[in-house]
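Survey of secondary and tertiary structure
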There are 2 protein chains.
Amino acid sequence: MNEHQKLFKPIKNERTFEKVSRRIKRLIFDGVLKPGDRLPSETELAHQFDVSRQTIREGLRILELSGFITIQKGGSGGPLIQTTILNTINNLFLDAFQLEKVTTEELTLARFEIERVVMDYVIDRADDSDIQRLRENVQRARMKIENNLVAVDENIEFHNLLAEASKNHVFVMVVGSIAAVVRDHTSRLTANLEGPDNTGAYSESVLKSKNAVDIHEKIVEAIEAKDRKKAKQLMESHLQEVGHRLESLKD
Amino acid sequence: MNEHQKLFKPIKNERTFEKVSRRIKRLIFDGVLKPGDRLPSETELAHQFDVSRQTIREGLRILELSGFITIQKGGSGGPLIQTTILNTINNLFLDAFQLEKVTTEELTLARFEIERVVMDYVIDRADDSDIQRLRENVQRARMKIENNLVAVDENIEFHNLLAEASKNHVFVMVVGSIAAVVRDHTSRLTANLEGPDNTGAYSESVLKSKNAVDIHEKIVEAIEAKDRKKAKQLMESHLQEVGHRLESLKD
DNA sequence: TCACATTTGTCCGTATGTATC
DNA sequence: AGATACATACGGACAAATGTG
């Protein structure tokens, strides 16, 4: 009985700024507004929607936080339609992980299992352009390491590129979200190493970074050779090693 | 070169309302503010932070959309600490799916692979309370079906409960997000069936729903018996069937 | 280089609707 | 039912930032 009353509950209690954001979002979904397009200024939008500027602002705030637009100040600035909202999801995942107190073990385990599966599809579906992107990534990482810099971003990006090569958007999102958390954990944990005696610790981080890049390169070769067994095996031991490193950094 | 200039860029261009939301978010992370606690009213917050109400409002808007607070109108209302962040993530996933034009095939495939892995852990880690929750879920679903209702929510919840039984928060989030999208797809696609001749189509949906519950029950039994092979096999065929149904509904 | 126009960021004051006591 | 407390929304104003000529 009470289940029935729950149907047909909210039909008009939507706040004005929510209507604003929903209308604009709809235009983006329908392709009327495309990435790179600029929305009218807040004052202009206020006129067109016939609401106050404050209401427009709160609506834009929603779209901004959801990743649909960015906002630039100054002349010829204003709200700009973005190409993707995936980064936003990663940020929310970060918050959620912190809130739910997710442990490093859980993170490593899930990453291991999921990326293992993804690799199976990468072997079957990766094309030349995927492999080229992976190679370029490895090369960029090597450049950094030769300059004695850690290649954190590049090494994280490698896993995202792998997910893209699986040709499944869901994998891209999941791997990307997990990678964002791993990246956050890593940078947070290695930050402690930058003490007075940072040269020693620093070069050790670079060394670990180099190890990762070496394995990444081997993985790319295995993918190109369509050597499923080797690729998966490399990937698994690589992920386990990264996991162990994260664990050891915790102390 | 230009890579170096990108370092050390933003240090003080954070907007005031972002500072507000960040300060409050920090208090939540640190446990000072716990779910159920109430924040001061907008006017009071404006006084304490020494900023205008508009600025407070935009800060609260961020927290609301991020899933950290809900806002109640009326007397003794105001901002309430309530973590709905998982719902927020699910909503963003929905947006992302629409924006990135994710196909049903991709969704079904990823779901199949991930929940297959999750089941492996469920077998090892599910305890009595997990199994009891699963049983209760099946029972609730049966109740609905006996009243000739589709048990969409219950059947989606079953998969979330499974993820929880794996004792890994990452799996919970990932499965939950995917389930939310599946739920959206299902309800959107079955909505087309509610035409003038809805009685026939409706009872067919109930029938499909009943099939799902039957398999769910068998899965619970297999988990309780720790029959890994059977549980995984049931799960796999179940997910494939659901996937096929989603596909067939598209036309 | 410098002034200018545009746009966001922030503030104040006020009015209205709504939920609670 | 009335008073109270709160979010919601409006209008006007100025400051700060940013691109343009």
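Residues numbered from 1 in each chain as written. Chains lettered and ligands numbered in written order. Predicted model: local features only at pLDDT ≥ 70, side-chain atom pairs only at ≥ 80, totals over all residues. Heavy atoms only, no water.

Some points on the interface of chain A and chain B
Many structure descriptions define interface size as the accessible area lost when the parts assemble. Contacts between chain A and chain B engage 46 residues on the former and 45 residues on the latter. Buried area between chain A and chain B, both sides added, is near 4,600 Å², and the carbon and sulfur share of it is 70%. Connecting chain A to chain B are eight salt bridges. For Lys25(A), the salt bridge identified is with Asp95(B), shortest N-O distance 3.3 Å. (Contact = heavy atoms within 4.5 Å. Buried area = accessible area lost by both parts, 1.4 Å probe. Salt bridge = Lys/Arg side-chain N within 4 Å of Asp/Glu carboxyl O.)

Quick look at the side chain of Ser209(A)
Residues and elements named next belong to chain A. Relative to the helices and strands, Ser209 is located in helix H10 (residues 198–224). Among the polar contacts listed, one links the side chain of Ser209 to the backbone nitrogen of Ala151, at a separation of 3.0 Å. Filtering out sequence-adjacent residues up to four positions away, Ser209 remains in contact with Ile145, Val150, Ala151 and Asn155. (Helix = DSSP H or I, 4+ residues; strand = E, 2+ residues; numbered from the N terminus. Polar contact = N/O pair within 3.5 Å; in protein donor to acceptor, adjacent residues only side chain to side chain.)

Comments concerning the environment of His159(B)
All names here are of chain B. Within the secondary structure, His159 sits in helix H8 (residues 152–165). Between the C-alpha atom of His159 and that of Glu221, which follows or precedes it by 62 residues, the distance is 15 Å. Beyond its immediate chain neighbours, meaning those up to four positions away, His159 contacts Arg111, Glu115, Val175, His216, Met235, His238 and Leu239.

Topic: unusual backbone geometry
Of note, the phi angle at Asp50(A) is positive, near 60°, even though the residue is not glycine. Examined against the element boundaries, Asp50(A) turns out to sit in the loop between helix H3 (42–49) and helix H4 (53–66). Even without a glycine there, the phi angle at Lys226(B) is positive, about 55°. Residue placement: Lys226(B) occurs in the loop between helix H10 (198–224) and helix H11 (228–250).

Topic: the protein's contact with DNA strand C
Surveying the vicinity of DNA strand C reveals 24 residues, the closest of which are Arg53(A), Arg15(B), Thr16(B), Arg53(B) and Thr55(B). Protein-adjacent atoms of DNA strand C, using a 4 Å cutoff, are sugar or phosphate at a proportion of 72%. Here a phosphate oxygen of DNA strand C sits 3.0 Å away from a polar atom, N or O, in the main chain of Glu42(A). Here Arg57(A) contributes a side-chain N or O atom positioned 3.0 Å from a phosphate oxygen of DNA strand C. Taken together, the elements giving at least two residues each to the surface near DNA strand C come down to H4, strand S1 (69–72) and strand S2 (78–81) of chain A together with helix H2 (16–29) and helix H4 (53–66) of chain B. Its residues assigned to classes, the surface near DNA strand C comprises four nonpolar, 12 polar and eight charged. (Near = heavy atom within 4 Å. Nonpolar A, V, L, I, M, F, W, Y, C, P; charged D, E, K, R; others polar.)

Comments concerning H11(B)
A rise of 1.5 Å per residue sets the reference length of H11(B), with its 23 residues, at 33 Å; its end C-alpha atoms lie 33 Å apart and thus fit the reference within 8%. When we look at burial in H11(B), the residues that qualify are Ala231(B), Lys232(B), Leu234(B), Met235(B), His238(B), Leu239(B), Gly243(B), Arg245(B), Leu246(B) and Leu249(B). (Expected span 1.5 Å × (residues − 1). Buried < 20%, exposed > 50% of the residue type's maximum accessible area, 1.4 Å probe, protein only.)

So, the protein's contact with DNA strand D
The immediate surroundings of DNA strand D are formed by 24 residues, with Arg15(A), Thr16(A), Thr55(A), Lys73(A) and Gly75(A) found nearest. When atoms of DNA strand D within 4 Å of the protein are sorted by moiety, sugar and phosphate together comprise 75%. For DNA strand D, a base nitrogen lies 3.3 Å from a polar atom in the side chain of Arg53(A). Between DNA strand D and Gly75(B) there is a distance of 3.4 Å, counted from a base nitrogen to a backbone nitrogen or oxygen.

Considering the environment of Lys229(A)
Mapping Lys229(A) onto the fold places it in helix H11 (residues 228–250). With 64 residues separating them in the primary sequence, Lys229(A) and Ala165(A) have C-alpha atoms 17 Å apart.

Some points on H4(B)
All names here are of chain B. Given a rise of 1.5 Å per residue, 14 residues ought to cover 20 Å, and the 20 Å separating the end C-alpha atoms of H4 matches this to within 8%. Within H4, 10 of the 14 residues are buried, which leaves the element mostly enclosed by the surrounding structure. Within the sequence span of H4, burial applies to Thr55, Ile56, Glu58, Gly59, Leu60, Arg61, Ile62, Leu63, Glu64 and Ser66. One or two positions beyond H4, positive phi appears at Gly67, with a value near 95°.

A word on the packing of helix H5 (residues 86–99) of chain A against helix H5 (residues 85–99) of chain B
Helix packing for two helices is described by the angle between their axes and how far apart those axes are. Orientation of H5(A) relative to H5(B), taken along the N-to-C sense of each, is 160°, at an axis distance of 10 Å. With respect to each other, H5(A) and H5(B) are oriented roughly antiparallel. Here the hand of the crossing between H5(A) and H5(B) comes out left-handed. Residue-level contacts link Leu86(A), Thr88(A), Ile89(A), Leu92(A), Phe93(A), Asp95(A), Ala96(A) and Leu99(A) of H5(A) to Ile85(B), Leu86(B), Thr88(B), Ile89(B), Leu92(B), Phe93(B) and Ala96(B) of H5(B). (Axes fitted to C-alpha atoms, helices over the stretch in contact; angles between N-to-C directions. Parallel < 35°, antiparallel > 145°, perpendicular 65-115°, else oblique. Left-handed = near helix turned anticlockwise from the far one by under 90°.)

Details of the pattern of salt bridges
For the structure on display, the rule yields 51 salt bridges over all chains. Of the charged contacts, one joins Glu42(A) and Arg53(A) as a salt bridge, the two residues approaching to 2.9 Å between their closest N and O atoms. With Glu42(A) in helix H3 and Arg53(A) in helix H4, the pair connects residues that are 11 residues apart, well separated along the chain. Residue classification places Arg53(A) among the partly exposed residues on the basis of a relative accessible area of 43%. Notably, a salt bridge pairs Lys144(A) with Glu154(A), separated by 3.7 Å at the nearest N-O pair. In this pair, Lys144(A) sits in helix H7 (residues 128–146) while Glu154(A) sits in helix H8 (residues 152–165), placing the two residues 10 residues apart along the sequence. Shared partners join several salt bridges into a network, and the residues in it are Glu42(A), Arg53(A), Arg57(A), Arg61(A), Glu64(A), Arg15(B), Glu18(B) and Glu58(B).

Side note on the domain arrangement of chain A
Per the domain assignment, the segments of chain A are domain 1 (16–83) and domain 2 (87–250). Distance from the C-alpha centre of domain 1 of chain A to the C-alpha centre of domain 2 of chain A: 35 Å. (Domains from an automatic or database assignment.)

Structural notes on the relation of the copies chain A and chain B
Note that the two copies of the chain are related through a rotation about an axis and a translation along the same axis. Screw-axis analysis of chain A against chain B gives a translation of 0.0 Å along the axis, an RMSD of 0.5 Å, and a rotation angle of 180°. Here the transformation between the copies is reduced to the relation of a two-fold axis. When the interface residues of chain A are mapped onto chain B, 98% of them again fall at the interface, so both copies present the same face. (Least-squares fit on C-alpha atoms with pLDDT ≥ 70 in both.)

Concerning the pairing of strand S1 (residues 69–72) of chain B
Residues and elements named next belong to chain B. In this sheet, strand S2 (residues 78–81) lies alongside S1 in antiparallel orientation, the contact comprising four bridges. Directly across from Thr70, in S2, lies its bridge partner Leu80. Hairpin remark: S1 followed by S2, antiparallel, with five residues in the connecting loop; positive phi at Gly74, about 80°. (Pairing = 2+ DSSP bridges.)

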